[in-house]
Amino acid sequence: MPRSRIPEPIRVLSPELFERVKERTEGTLLDLIKKNKDTRYVTESPVFDGFRSALEHLRKDRGDDEVRDGMLLESYRSAIPLTTYDSYEPFVKRFLERNCQEDNVRDMFSPGLPYFVAVSSSTTSTKPKYFAKYKHPPGGSYETVDRSANPVSDNGGKNCIVYSLNYRQLVSVLNRDGDAVKKLPVTLMSSGSIRMQNGIDVEKDAWALQYTAPRATSPIAVSFISKYRSFLLMHALFALADTKVETINTLFGTIFIDMIRYVEEEWDNLLKYIETGELPDWEGTDHVRQWLVPKFHAAPERAAELRAVGRAAQEPGWLARVWPMLKVVIGIASGVYAAVIPKMRHYVGPDVQLRSLGFTASEAYIGTVYDPENLNLYKVASDDVVEYLDVSKEEVAANLLAPWQVQRGGKYEVVLTNRDGMWRYRLGDVIEIEGFDPNDGAPVVRYVERRNVALRLGGAMLSEEHLAKAILAVQDKLGPLIEFTVVIDDRNITRRVGYLVETQRELGAFSFAHPVTIITQLNKGPEADEAPDKLLHELCRLNPQFKSGLDTEEMKPPTIRILKPGTFAEYRRWRIEVTNSGSGQMKVPVVMWDHGAREWIYKRIDREVGRPVLAKSENPGQVTNSR
C-alpha cells in the first residue's frame with residue numbers, strides 16, 4: 001500500500017470493530033481447538049490434564065453446536081495454562097530419534113506429519129529449540145511474506161534474494177515395514193518456509209539445483225552453499241553482474257551489512273570475475289559449481305560500469321550508483337537490531353526504501369508489515385491466535401488479554417496458540433500496542449525486547465531494552481554503532497556490565513539530523529573516552545537499581561571495548577559453521593552467556609575506551625562461567 005494510503009492506527013476500537021475482532025479471533029480459536037485437541041501432545045502431556053477433563057465432560061453433553069462451541073472456548077480459557085518449551089520439548093524430540101517411527105510421531109501436534117522441523121538460531125540460549133511445522137491451506141500470511149520477498153516489477157527489475165535452503169539434518173519417518181514415508185528437513189524457519197511455500201521438497205533438490213527462480217538474480221544452487229562468506233559473496237556476485245536489481249532481500253539487516261562489507265573487501269576480484277566470466281572457487285562451492293558455471297557469463301561492459309562507480313563505500317548512496325534501479329532493501333532491523341539502520345541508510349542513500357519482512361519467529365509468523373516505511377510497526381496476523389500477557393501483572397493464564405482487550409501504550413508478552421499445535425505458548429517477546437488497524441481492528445504493535453533476557457548484577461535487573469537504549473545513547477561519543485553485545489566483565493573481583501561494540505569506523509562521527517552525512521573520523525581521543533561515563537549516566541537514568549548497586553559497591557561502572565572491524569560478520573560465520581546452521585538467521589545475542597562464544601570474541605578486541613580495567617591475566621579473553 002502506498003505510504004499516503006496507510007491510515008494511522010486508531011487509539012480505541014469502535015463497537016463495530018470490537019465485535020468484528022472478537023468474532024474473528026474466536027472463530028480462529030475454535031478452528032484451532034477442534035483441529036488439534038486430539039493430538040498426541042494434548043492427549044499425553046500432563047500440562048493438559050485439566051483440559052482433557054473438561055473435554056471429557058463436553059463429550060457427554062448433548063447440547064447444540066452453538067452451545068458446545070461456547071463451552072469449548074470456555075474450557076480453553078479456564079483449563080489451558082501458560083506453556084513453555086519445557087512441556088513441548090519431550091514430544092518434538094521424538095522426531096529427532098535415531099529411528100523415527102511413523103506410529104510415534106503422526107498427529108503429534110497437528111493432524112498428519114509436519115513438512116519440516118524448524119530449528120532456532122540459539123541466540124538467547126546455549127542449545128537450539130525445535131518446532132514441528134505443518135503445511136496449511138493456502139491464503140495465509142506466509143503467502144503475503146513470499147510475495148513481498150520476491151516482488152514483481154513493472155520495469156523488468158530483478159531481486160537479489162539471500163536465503164539458504166540447507167538443512168542441519170534429514171529425518172526419515174519410517175513405517176512398520178521400515179520404509180521411509182516422509183523426509184523432514186531440520187532447518188531454519190526461513191529455509192523451511194521457502195521450501196514449503198514454493199514446493200521445494202527435499203526429494204526435488206536435484207531438480208531445483210538446475211533452475212533460477214523467476215525474477216531472482218542468483219540461481220537456486222547458490223542457496224545450497226553452507227559457508228557463510230562464500231554464500232553471501234556468491235549472491236553478491238550474481239547481483240553485481242545484473243544492472244536491473246530493484247530489490248535486495250537478506251531477511252535481517254545485519255546480513256545485508258555483512259554482504260556489502262564482503263563486497264568491499266573483494267571488490268577488485270568481483271569485477272575481474274564479472275569481466276572474464278570466470279566463476280571463483282570460493283570455499284564450500286565445489287558441490288554446486290556444475291550448476292553455477294553455465295549461468296555465469298562474461299560481462300565486460302558491466303565490469304567497466306562498476307569500475308567507473310568505484311569502491312566508494314565511504315560515500316553515501318554508493319549502492320544506488322552500483323544498482324541504479326535499486327528501490328528496496330529488505331531486512332529486519334527492529335528492537336536492538338535497529339543499530340544497523342544508519343549503516344544501511346549510508347550504503348543505499350535517502351531514496352532507497354528500507355523495509356522489514358515482518359515480525360517473525362521460529363515458532364510462528366506473528367505480524368505483517370503495517371507501514372513499509374516503518375521498520376518496527378507490525379499488524380498482528382490472523383492465521384493463529386495471539387493473546388497478551390501484561391508485563392506488569394502476575395505471569396498466569398488468568399491475566400491473559402484477548403486482542404480486543406489490550407490498551408494502546410500497554411506492553412505485553414506475546415502468548416501464542418497456533419495451527420502447528422502450540423497452546424498458550426510463551427513466545428518471550430514483548431511488544432507495545434501502537435493502536436488498531438482502522439480497517440479490521442487488528443492490533444498494530446511495536447517490538448520492544450525479549451522478556452527476561454537481561455543481566456542481573458549488583459541487585460539490578462537490566463532488561464534488553466535498557467541495555468540497548470543506554471549504548472545507543474552514547475553514539476555521539478563513540479560514533480555510530482553497527483552492533484553490540486554485553487558480557488559480565490569479571491576481569492576484577494567486583495564485576496561490571498561490559499559492552500563489546502563494533503563501530504562504523506569508515507563513517508566516523510554521525511549526524512543524526514542528516515544520517516547520511518559524514519562529519520569527522522571516528523572519535524579516538526577524549527570524546528570516545530567520555531563514552532563510559534555517559535553510559536553510566538544512562539544506565540542509572542534508565543534503571544535506578546543500577547545506581548544502588550554502585551553505591552553499595554556490589555558492582556563497578558560499565559566498560560566499553562571496541563572490536564575489530566568485521567567481528568560480528570565473522571561471529572555469524574563462525575557460529576553457523578560450529579552449529580551447522582543455515583546462513584539465514586544467525587543473530588548476535590544482546591547478552592552473551594556462552595563460554596566458547598565469549599572466548600572467541602575476546603580475541604578480537606581492538607582497544608578499550610575510558611579508563612582501562614587492568615586484567616589479572618595477560619589473556620584479555622579470560623572468562624569465567626559465573627552467570
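None of the values given here were measured: they were computed from a predicted structure. Note that residues are indexed from 1 along each chain, following the sequence as it is written. Only residues with pLDDT of at least 70 are given local features in this predicted model, and only at 80 or more are side-chain atom pairs given and counted; all residues enter the totals for whole chains, interfaces and linings. The side-chain values count all of the structure's non-hydrogen atoms but skip hydrogen atoms and water molecules.

Time to look at the sheet that holds strand E13 (residues 385-390). Working definition: the strands of a sheet are paired by backbone hydrogen bonds and lie parallel or antiparallel to each other. Strands are treated as partners if at least two bridges between them are detected by DSSP. Elements are defined by DSSP. Helices are runs of H or I of four residues or more, strands are runs of E of two residues or more, and each kind is numbered from the N terminus. Across the sheet, eight strands lie side by side as E10-E11-E12-E17-E16-E15-E13-E14; this open sheet has antiparallel pairing. The sheet terminates laterally at strand E10 (359-360) and strand E14 (400-401), the two strands that pair on one side only. For E13 and E14, the ladder comprises two bridges, and the chain directions are antiparallel. Across the sheet, the residue bridging to Tyr388 is Leu401, located in E14. The contact rule is simple, with two residues in contact once any of their heavy atoms fall within 4.5 Å. As a rule, the C-alpha atoms of each element are fitted with a line to give its axis, helices using only the stretch in contact, and angles between N-to-C directions run from 0 to 180 degrees. Where helix H1 (residues 15-36) meets the sheet, it contacts E13 and strand E15 (411-417), and its direction lies at approximately 110° from that of E13.

Pairs were defined over the aromatic rings of Phe, Tyr and Trp, the Trp ring being its six-membered one, requiring ring centres within 6.5 Å. Orientation was assigned from the angle between planes: stacked under 30 degrees, edge-to-face over 60, tilted for the rest. If you walk through the whole model with that rule in mind, you get 27 aromatic pairs. Aromatic pair Trp207 and Tyr211: ring centres 5.0 Å apart, planes at 45°, arrangement tilted. On the basis of relative accessible area, Tyr211 is assigned to the partly exposed category, the value being 38%. Relative to Trp600, the ring of Trp574 lies with its centre 5.3 Å away and its plane at 15°, an arrangement referred to as stacked. A simple rule labels every residue: compare its accessible area, found with a 1.4 Å probe on the protein chains alone, to the largest value its type can have, and call it buried under 20%, exposed over 50%, or partly exposed in between.

When helix H12 (residues 267-276) is considered as a whole, its buried residues turn out to be Trp267, Leu270, Leu271, Tyr273 and Ile274. The buried residues of H12 occupy an angular sector of 160° when projected down its axis, which confines them to one face. Residues of H12 that are buried make contact with helix H10 (228-240), helix H11 (253-265), helix H14 (300-309) and helix H15 (318-322). It is the directions from the helix axis to the C-beta atoms whose arc is reported.

The next subject is H11. The length a helix should cover is 1.5 Å for every residue beyond the first. With 13 residues, H11 extends 19 Å from end C-alpha to end C-alpha; this agrees with the ideal 18 Å at 1.5 Å per step. Among all positions in H11, only Gly253, Thr254, Ile255, Phe256, Ile257, Asp258, Met259, Ile260, Arg261, Tyr262, Val263 and Glu264 are buried.

So, about the pattern of salt bridges. Side-chain pairs of opposite charge can arise where the charged atoms are in close proximity. When a carboxyl oxygen of Asp or Glu is within 4 Å of a side-chain nitrogen of Lys or Arg, the pair counts as a salt bridge. Per the counting criterion, the structure on display carries 50 salt bridges. One salt bridge in this structure joins Glu395 and Arg451, with 3.2 Å as the shortest N-O distance. One end of the pair, Glu395, is in the loop between E13 and E14; the other, Arg451, is in the loop between strand E17 (443-450) and strand E18 (455-457), with 56 residues separating them in the sequence. The exposure class assigned to Glu395 is partly exposed, which follows from its relative accessible area of 38%. By relative accessible area, Arg451 is classed as buried at 13%. Glu608 is the partner of Arg491 in a salt bridge, and the nearest nitrogen-oxygen pair spans 3.1 Å. Placement of the pair is Arg491 in the loop between strand E20 (481-489) and strand E21 (496-503) and Glu608 in strand E23 (residues 605-609), with a sequence separation of 117 residues. Accessibility expressed as a relative area gives 12% for Arg491, which makes it buried.

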